[in-house]
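Each chain, letter by letter, is given below.
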2 protein chains.
Amino acid sequence: MADPEFQPDPAVVKRSAPTVEDVARAAGVSTATVSRCLNMPAKVGEATRTRVLKVVAELGYSPNFGARALAAKRTRTIGAIVPTMENAIFARGLQAFQEELGLHGYTLLVASSSYSPEREADQIRTLVARGADALLLIGFDRAPAITEWLEARAVPHVIAWAYDADAKALSVGFDNREAMRALASEVFARGHRRVAVLTAPIAQNDRARERLAGVRAAAAEAGLDPDTLRVVETPYSFDNGAAQMDLLMGDTPRPTAVICGNDILAAGAIAAARAKGLRVPGDVSVTGFDDIEIARVLDPLLTTVHVPHRDMGRACARDLIDILENGTHPASTELRTEVMLRGSLGPPAD
Amino acid sequence: MADPEFQPDPAVVKRSAPTVEDVARAAGVSTATVSRCLNMPAKVGEATRTRVLKVVAELGYSPNFGARALAAKRTRTIGAIVPTMENAIFARGLQAFQEELGLHGYTLLVASSSYSPEREADQIRTLVARGADALLLIGFDRAPAITEWLEARAVPHVIAWAYDADAKALSVGFDNREAMRALASEVFARGHRRVAVLTAPIAQNDRARERLAGVRAAAAEAGLDPDTLRVVETPYSFDNGAAQMDLLMGDTPRPTAVICGNDILAAGAIAAARAKGLRVPGDVSVTGFDDIEIARVLDPLLTTVHVPHRDMGRACARDLIDILENGTHPASTELRTEVMLRGSLGPPAD
């Protein structure tokens, strides 16, 4: 006669994989509670959540996204594609984006395009194929084809780190050109005339292009021919900033101010100037963009543009959730940036 | 005629590929026990082994079914789950991981667990349900159930940022304890006796726990009672490092050295010391861990442990690709770290 231990529970054995009903039965809760535990953990008491997730793990239950898609047409997965995961320029905004999504039971999946529009297009298709309900994308520079592809599939998406009231796409960002113009005019106001600009490659990077345009606008306002600006393009990195600064400081006459496209380039530039025995700002002023942590620990403290990364990330999450859950059409949001005047900017020596 | 207790349910036999869950359920054991019976039979009691292997035979289960099923639905998407996307501590390694994957035509999708094992377990299930072929996970601290869940599904995964030759799981990392022990012994060697440790919360963070153990080991070697160390736990962030340093500097007698669990905490600590008018290292020495960019721009330059983040990311990618494409079983890799002695560490004032 059969050892009861060997008697498989028919209700379970009849299936190739445990179902939400199996989990609900084993945990002694409703199937609705099970899916809340998986989708909106914040909305379930901890004791219940712990018990249910324990059963989920024990049974090896994997939510059947097909069935849930039928039920809810949602995977509660949202994708974000950023140009790079290295250095902190997108990290803080993404973290705030993911925290806000988590509060509403959404999982964030992030891909990094290495500043390649082709790779970004592939990753957009991959994330949608993997079931992303909505996407966060950085900036407006991409082939019309992939934007049309998104619109054809009615995939909600928000453009971050840039703002364009006239654009068809929803954007939550700031005016890169005006933000940099405001900073650069502080540089020219101190009398700098030999000014260099360290920028990321501007092709296919509307943020970098707009920031450079902002410097040129400020130069023109200061009565300077924008074409006399020494513009150097180099990918955002500490080492690139240092290497290009090293070259710039070899120029005669030497620039008296170097306006950098972000704080990482500026940090490298200041390190290179120090290594050359040059005083900042005595011999050369250096400015950045973003106001990430590194700006607050540089010596001297970095004059830069403060970008409200956390507000931006949270606003992007709220807009996408609003679209997905309430079918709204949020208006684009322009966030204010602020010029942070700190020790790295002073008057020219001569 | 078959022993009734082994009458497999028709619904199960009909299926072309019985799963390890089918075997586990029919045999009344966990999926992990099934894998052990097949992979490490010596580690399983004979009665259980006989029962399981009999069910395996009855159902015609072959572990290769799982592998074949997996190979059939390869997506060339690989998932990574990191505790946080904020601050740069995982950014560089992830970027290198993704660049290496890109070279081989794989797309990386990253999720961030906010240091919550429950959220990590959800994200593991989500990424696998979204079709991830393999996973990169940080550290060894997670519920056995989710590891068994991964093993039951034969999902290749690599543990990074930690190394354990004895662990069953493949790991590519470094010895956090020994790395921090080597740094801390430099601190004690300079005569510091009132030493504080700023660490991330050590619960469910094996890297932080091991680093703290390394400081305690170095203290003992220096003839100091490890329990006299002033240990403060605070989540990794610049602001937390600054706030806790501010409190520590109010102690009497004041610690003469503060060993920080990573460079971000150390950067905040140095900024707070400077704000209090304290000289580093004259009044207090500060050390970090990671050697990310911020360590090279702090004033003074930060004494820290250099972690080969890029090598680690690349090695993880190569191992997972090797497993997926060649079915190999790579051995775990221990990477060497290096103590970087820089200006932030000096002898105590008294």
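The rules behind the values
Just so you know, the residues in each chain are numbered from 1, in the order the chain's sequence is written. Numbering of ligands from 1 and lettering of chains from A proceed in the order in which they are written. In keeping with the predicted nature of the model, local features appear solely for residues at pLDDT of at least 70, side-chain atom pairs appear and are counted solely at 80 or more, and the whole-chain, interface and lining totals rest on all residues. By convention in this description, side-chain values take in all heavy atoms of the structure and omit both hydrogens and water. Under the scheme used here, helices are H or I runs from DSSP no shorter than 4 residues and strands are E runs no shorter than 2 residues, and both carry numbers assigned from the N terminus. Pairs of residues are marked as contacts when any of their non-hydrogen atoms sit within 4.5 Å. Stacked, tilted and edge-to-face pairs are distinguished by plane angle, under 30 degrees for stacked and over 60 for edge-to-face with tilted covering the rest, among Phe, Tyr and Trp rings (Trp via its six-membered ring) whose centres lie within 6.5 Å. We call a charge positioned above a ring when the Lys NZ or Arg CZ atom is no farther than 6 Å from the ring centre and deviates by at most 35 degrees from the ring normal. Salt bridge, as applied in this entry: a Lys or Arg side-chain nitrogen positioned within 4 Å of an Asp or Glu carboxyl oxygen. When accessible area is computed with a 1.4 Å probe and restricted to protein chains, residues below 20% of their type maximum are described as buried, those above 50% as exposed, and intermediate ones as partly exposed. We call two strands paired when DSSP finds no fewer than two bridges between them. Helix axes are fitted only over the stretch in contact, all axes being lines through C-alpha atoms; the angle between N-to-C directions runs from 0 to 180 degrees. Between 65 and 115 degrees an angle is taken as roughly perpendicular, under 35 as roughly parallel, over 145 as roughly antiparallel, and anywhere else as oblique. In this scheme the handedness of a crossing depends on how the near helix is turned from the far one: anticlockwise by less than a right angle means left-handed, clockwise means right-handed. All amino acids are sorted into three groups, where Ala, Val, Leu, Ile, Met, Phe, Trp, Tyr, Cys and Pro are nonpolar, Asp, Glu, Lys and Arg are charged, and the leftover types, Gly among them, are polar. A helix is expected to span 1.5 Å for every residue after the first. Counting of polar contacts relies on pairs of N or O atoms within 3.5 Å, with two restrictions inside protein: one atom must be capable of donating a hydrogen and the other of accepting it, and residues adjacent in sequence are counted only when both atoms are side-chain atoms. By the criterion used throughout, a crossover qualifies as right-handed when its path from the first strand across the helix to the second strand runs clockwise, the strands pointing away from the viewer.

Where an unreviewed UniProt entry is consulted, chain A appears under the name LacI family DNA-binding transcriptional regulator, with the organism given as Palleronia pontilimi.

Quick look at the overall build of chain A
Secondary structure assignment for chain A yields 14 helices and 12 strands. Considering only residue pairs separated by 6 or more positions, chain A has 70% of its internal contacts joining residues 24 or more positions apart.

What to know about the packing of aromatic side chains
By convention here, two paired aromatic rings are described through the distance between centres and the angle between planes. Considering all chains together, one arrives at 6 aromatic pairs over all chains under this definition. It is Arg76(A) that lies over the ring of Tyr106(A); its NZ or CZ is 4.4 Å from the centre.

Some remarks on the pattern of salt bridges
Tallied over the full model, the rule gives 42 salt bridges over all chains. For the salt bridge of Glu186(A) with Arg190(A), the shortest nitrogen-to-oxygen distance reads 3.0 Å. Since its relative accessible area comes to 31%, Arg190(A) is described here as partly exposed. Of the charged contacts, one joins Arg279(B) and Asp283(B) as a salt bridge, the two residues approaching to 3.0 Å between their closest N and O atoms. Relative accessible area serves as the criterion here: at 18%, Asp283(B) is assigned to the buried category. Salt bridges linked by common partners bring Glu178(A), Arg181(A) and Glu221(A) together as one network.

Re the sheet that holds strand β6 (residues 195-199) of chain A
The pairing of strands in a sheet comes from backbone hydrogen bonds and takes either a parallel or an antiparallel form. All names here are of chain A. Taken together, the 4 strands give an open sheet; going across it, the order is β7-β6-β8-β9, and neighbouring strands pair in parallel fashion. One side of each edge strand has no neighbouring strand; the edge strands of this open sheet are β7 (230-233) and β9 (285-287). Direction aside, the axes of adjacent strands within the sheet are offset by 15 degrees on average. As paired strands, strand β8 (residues 257-260) and β9 are joined by 3 bridges and run parallel to one another. Paired with Ile-259 across the two strands is Thr-287, which belongs to β9. In the packing of helix α9 (residues 176-189) onto the sheet, contacts are made with β6, β8 and β9, and the angle to β8 comes to roughly 175 degrees.

A few points about the environment of Arg25(A)
Summarising the element assignment, Arg25(A) is placed in helix α2 (residues 20-27). Along the primary structure Arg25(A) and Val55(A) are separated by 30 residues, whereas in three dimensions their C-alpha atoms are 9.7 Å apart.

Description of the packing of helix α7 (residues 117-129) of chain A against helix α8 (residues 144-152) of chain A
Residues and elements named next belong to chain A. At a minimum axis distance of 10 Å, the contact between α7 and α8 shows a crossing angle of 15 degrees. Regarding the angle of α7 to α8, the classification is roughly parallel. At the point where α7 passes α8, the crossing takes the left-handed sense. Mapping the contact onto sequence places Ala-121, Ile-124, Arg-125 and Val-128 in α7 and Ile-146, Trp-149 and Leu-150 in α8. Residue composition of the contact of α7 with α8, grouped by class: 6 nonpolar, no polar and 1 charged.

Observations regarding helix α12 (residues 263-275) of chain A
Residue and element names in this part refer to chain A. Compared with an ideal rise of 1.5 Å per residue, which puts 13 residues at 18 Å, α12 spans 18 Å between its outermost C-alpha atoms and is within 8% of the ideal. Across the 13 residues that make up α12, a large majority, 10, are buried. The set of residues buried in α12 consists of Asp-263, Ile-264, Leu-265, Ala-266, Ala-267, Gly-268, Ala-269, Ile-270, Ala-272 and Ala-273. Residue Gly-277 follows α12 closely and has a positive phi angle near 80 degrees.

Considering helix α9 (residues 176-189) of chain B
Residue and element names in this part refer to chain B. The end-to-end C-alpha distance of α9, which contains 14 residues, comes to 20 Å, matching closely the 20 Å that a straight helix rising 1.5 Å per residue would cover. Its buried side turned inward, α9 meets β6 (195-199), α10 (206-221), β8 (257-260), β9 (285-287), β10 (304-306) and β12 (338-340). At the N-terminal end of α9, a side-chain oxygen is found 3.1 Å from the backbone nitrogen of Arg-177, two or three residues along, and the residue is Asp-175. Just beyond α9, the residue with positive phi is Gly-191, at close to 100 degrees.

Let's talk about unusual backbone geometry
With omega at -10 degrees, the peptide bond leading from Thr252(A) into Pro253(A) counts as cis. Within the fold, Pro253(A) resides in the loop between α11 (238-248) and β8. Put simply, Val280(B) and Pro281(B) share a cis peptide bond, and its omega is 10 degrees. With respect to the secondary-structure elements, Pro281(B) resides in the loop between α12 (263-275) and β9. Phi is positive for Asp290(A), which is not a glycine, with a value near 125 degrees.

Things to note about the pairing of β8(B)
Regular strands place side chains that alternate from one sheet face to the opposite one. Side-chain alternation along β8(B) places Ala257(B) and Ile259(B) on one buried face and Val258(B) and Cys260(B) on a second face that is also buried. Note on the crossover from β8(B) through α12(B) to β9(B): the handedness is right-handed.

What to know about the sheet that holds strand β7 (residues 230-233) of chain B
Residue and element names in this part refer to chain B. As summarised here, the arrangement of the 4 strands in space is β7-β6-β8-β9, forming an open sheet in which the pairing is parallel. Of all strands in the sheet, those bounded by a partner on one side alone are β7 and β9. For this sheet, the mean angle separating the axes of adjacent strands, direction not counted, is 15 degrees. In the packing of α9 onto the sheet, contacts are made with β6, β8 and β9, and the angle to β8 comes to roughly 175 degrees.

Focus: the packing of helix α11 (residues 238-248) of chain B against α12(B)
Residue and element names in this part refer to chain B. Across the interface, α11 lies against α12 with an axial gap of 7 Å and an inter-helix angle of 45 degrees. Here α12 runs oblique to α11, going by the angle between their axes. The two elements α11 and α12 meet at a crossing, and its hand is right-handed. Where α11 approaches α12, its residues Phe-238, Asn-240, Gly-241, Ala-242, Met-245 and Asp-246 are matched on the opposing element by Ile-264, Leu-265, Ala-267, Gly-268, Ala-269, Ala-271, Ala-272 and Ala-273. The residue inventory of the contact of α11 with α12, partitioned by class, reads 10 nonpolar, 3 polar and 1 charged.

A closer look at the side chain of Thr234(B)
All names here are of chain B. Within the secondary structure layout, Thr-234 lies in the loop between β7 and α11. Thr-234 sits in the buried class, given a relative accessible area of 5%. In this structure, Thr-234 is in contact with Leu-198, Thr-199, Ala-200, Pro-201, Asn-240, Gln-244 and Leu-265, ignoring residues within four places of it in sequence.

Re the pairing of β7(A)
Residues and elements named next belong to chain A. As judged from the 4 bridges shared by β6 and β7, these two strands associate in the parallel manner. Across the sheet, the residue bridging to Ala-196 is Arg-230, located in β7. Note on the crossover from β6 through helix α10 (residues 206-221) to β7: the handedness is right-handed.

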